[in-house]
Amino acid sequence: MEGITEGVNNMNINNSDSYKKNRIQVSNTKKPLFFYVNLAKRYMQQHNEVELSALGMAIATVVTVAEILKNNGLAVEKKIMTSTVDIKDDSRGRPVQKAKIEIVLGKTANFDDLMAAAAAQDAQNGDIDDQGA
């Protein structure tokens, strides 16, 4: 019985933070802002919540994405965590501390209605464009 308990505890430790299916690690240089907004919407559709994570200068991008989703009525804040992490800097040969933020957002009650309305609007705009061609 102890062996089973130990195995379950180890599984929880290994599973808890290393990989989450609903985590988006944001960079401020690789993708445009609305890439992350649209990706977060898709993750919320699939998992009911999304965790946005960033280091250093990308923190502003994460906060902006979260605010866009909240202001559009799509998300509510569940949790905000800040910390510092040690990153090894090869040029200096010593660890450098970087700020880290993690924001967990959940769906609002009317998330699905808003997404359906947006999809209908996109489809309608697509039909107008096709008719004009």
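We now turn to the structure provided with this report.

Cut-offs used in this document
Residues numbered from 1 in each chain as written. Predicted model: local features only at pLDDT ≥ 70, side-chain atom pairs only at ≥ 80, totals over all residues. Heavy atoms only, no water. Pairing = 2+ DSSP bridges. Helix = DSSP H or I, 4+ residues; strand = E, 2+ residues; numbered from the N terminus. Axes fitted to C-alpha atoms, helices over the stretch in contact; angles between N-to-C directions. Contact = heavy atoms within 4.5 Å. Salt bridge = Lys/Arg side-chain N within 4 Å of Asp/Glu carboxyl O. Buried < 20%, exposed > 50% of the residue type's maximum accessible area, 1.4 Å probe, protein only.

### Details of the sheet that holds strand 2 (residues 49–55)
Consideration 1: Taken together, four strands build an open sheet; the order of strands is 1-2-4-3 and the sheet is mixed. Edge positions in the open sheet fall to strand 1 (23–26) and strand 3 (75–89), since each of these has one partner strand only. Going across the sheet, the axis of each strand differs from the next one's by a mean of 20 degrees, ignoring polarity.
Consideration 2: Bridge analysis of strand 3 against strand 4 (residues 94–107) gives 14 bridges, and the strand direction is antiparallel. Paired with Ala75 across the strands is Lys107, a residue of strand 4.
Consideration 3: Where helix 3 (residues 59–71) meets the sheet, it contacts strand 1, strand 2, strand 3 and strand 4, and its direction lies at approximately 5 degrees from that of strand 4.

### Notes on the pattern of salt bridges
When the charged atoms of two side chains with opposite charge come close together, those side chains can pair.
Consideration 1: Tallied over the full model, the rule gives six salt bridges.
Consideration 2: With a closest N to O distance of 2.9 Å, Lys78 and Glu49 form a salt bridge. Residue Lys78 is located in strand 3, and its partner Glu49 is located in strand 2; the two are separated by 29 residues in the primary sequence.
Consideration 3: Since its relative accessible area comes to 25%, Glu49 is described here as partly exposed.
Consideration 4: Lys70 serves as the salt-bridge partner of Glu77, at 2.4 Å between the closest nitrogen and oxygen.
Consideration 5: Residue classification places Lys70 among the partly exposed residues on the basis of a relative accessible area of 27%.

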